[in-house]
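# Structural characterization, general
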Amino acid sequence: MTAPQPPHRPRVLVNFASSVDGKINPAPGLRQGKFMMSRHREDFRRMVALRAEADAILIGATNLRADNPDLAIPADERTARRASGTLEPARIVVTTTGEGIVPNQRMFDPRLGGPSIILHAPAMPAEIRGRLGPVAELVQFSGERVAMPDVLTWLAGRGVRTLLCEGGGALVAQLFAARAVDALYLTLVPRILGGAHAPTLAAGPGFTPDEIPDPKLASMERIGDELYLRYEFNWS
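Residues numbered from 1 in each chain as written. Predicted model: local features only at pLDDT ≥ 70, side-chain atom pairs only at ≥ 80, totals over all residues. Heavy atoms only, no water.

## Thoughts on the nonpolar core
Selection criterion: Note on terminology: a nonpolar core comprises buried Ala, Val, Leu, Ile, Met, Phe, Trp, Tyr and Cys residues joined through side-chain atoms within 4.5 Å. Think of it in three bands: residues with accessible area under 20% of the maximum for their type are buried, residues over 50% are exposed, and the middle band is partly exposed, with areas taken using a 1.4 Å probe on protein chains only. Numbering of helices and strands runs from the N terminus; a helix is a DSSP stretch of H or I covering at least four residues, while a strand is a stretch of E covering at least two. Contact between two residues is taken to exist if any of their heavy atoms lie within 4.5 Å; hydrogens are not considered.
Counting residues in hydrophobic clusters, the biggest one holds 36 residues, and the most contacted among them are Val14, Ile92, Leu119, Leu163, Leu175, Phe176 and Leu201. Those elements that place two or more of their residues in this core are β1 (11–19), β2 (56–60), β3 (90–94), β4 (116–120), α5 (148–157), β6 (162–165), α6 (169–177) and β7 (183–189). With five residues, α5 is the single largest residue contributor to this core. Not counting residues up to four positions away in its chain, the partners in contact with Leu201 are Phe16, Gly22, Ile24, Gly169, Val172, Phe176, Leu184 and Leu186. Membership of the second largest hydrophobic core comes to 14 residues, among which are Ile57, Leu64, Leu71 and Met124.

What follows is the structure, encoded as structure tokens:
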């Protein structure tokens, strides 16, 4: 049974694939072209199925620049929703200035998914606003950087009940700092990437040992040599 979300914010799901040494991407300079952590189609199938359960999908600008994801739900689900007039999940990116975000990135293609939204700080230059305004709804937040508590409140006000975050690590760390991660879907992949500067699931300055509550392992499934884990967090 899905736990009810707090009234002031959506229920937040985080989905990642990680190497067994805890990395979500190779160290800077070692990535060669497009990178997929999992080598198993099951991980991709579960990712797009999880997207279909959300009202909105959230990523950071670094993720968008590196991977150019479409944030799409399964094609058959998309066709059925459009035929019935049912909304697809909103596709949302968080950025300070909009640097490196361009109109031809896949999350802005209306053929591939739901409405595109860019959450940004006042520092976004007018030239970038003019370039991105035709392909996405631009929402400005106050402050030097977009604050996660403000984002969650805004999303709740837009009727978002379930939010799926697909990274990157800096964004996820902000969600943990806001005490807002309700479930973590983690694919554990038998790869070793190493690297002191390779990104991990939660970046930022870090947390004290007891700052984040220990989650409960709610489910575990093995497919091939990969493990599919779901952890639930209780913030009460």
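There is more to say, and it comes next.
## A short note on the environment of Ser236
Going by this rule: Counting of polar contacts relies on pairs of N or O atoms within 3.5 Å, with two restrictions inside protein: one atom must be capable of donating a hydrogen and the other of accepting it, and residues adjacent in sequence are counted only when both atoms are side-chain atoms.
On the secondary structure map, Ser236 appears in the segment after β9 (226–232). Exposure remark for Ser236: the relative accessible area of 85% places this residue in the exposed category. With 66 residues separating them in the primary sequence, Ser236 and Ala170 have C-alpha atoms 24 Å apart. Polar contacts involving the side chain of Ser236 include one to the side chain of Asn234, which spans 2.6 Å.

## Some details on the packing of aromatic side chains
As a reminder of what qualifies: Put simply, two rings from Phe, Tyr or Trp (the six-membered ring, in Trp's case) pair if the centres are within 6.5 Å, and we call them stacked under 30 degrees between planes, edge-to-face over 60, tilted for the rest. For a lysine, the NZ atom is tested; for an arginine, the CZ atom; a charge sits over a ring if that atom is within 6 Å of the ring centre and within 35 degrees of the ring normal.
Taken as a whole and judged by the stated rule, the model has three aromatic pairs. Seen in terms of ring centroids, Phe141 and Trp154 are 6.2 Å apart; in terms of plane orientation they differ by 75°. Their pairing is edge-to-face. Highlighted residues: Phe141 in the loop between β5 (137–140) and α5 and Trp154 in helix α5, separated in sequence by 13 residues. According to the relative accessible area criterion, Phe141 is buried, its value standing at 9%. An angle of 65° between the planes, with centres 5.3 Å apart, marks the rings of Phe176 and Phe233 as edge-to-face. Linking Phe176 in helix α6 with Phe233 in the segment after β9, this pair joins segments that are 57 residues apart in sequence. Phe233 shares its class with Phe176; the two are buried. One aromatic cluster in this structure is built from Phe176, Phe233 and Trp235. Geometry around Tyr228 places Arg46 over its ring, the cationic atom sitting 4.4 Å from the centre.

## A word on the sheet that holds β5
This is how it is decided: Two strands pair if DSSP finds at least two bridges between them. Orientation is described by axes fitted as lines to C-alpha atoms, over the contacting stretch for helices, and by angles from 0 to 180 degrees between their N-to-C directions.
Sheet architecture is open: nine strands sit in the order β5-β4-β3-β2-β6-β1-β7-β9-β8, paired in mixed fashion. Of all the strands in the sheet, just β5 and β8 (216–223) have a single pairing partner and so form its edges. Ignoring strand direction, the axes of neighbouring strands in this sheet form an average angle of 20°. As judged from the four bridges shared by β1 and β6, these two strands associate in the parallel manner. Bridge pairing links Val12 to Leu163 in β6. Along the sheet face, α5 touches β1, β2, β3, β4, β5 and β6 and points at about 145° away from the line of β4.

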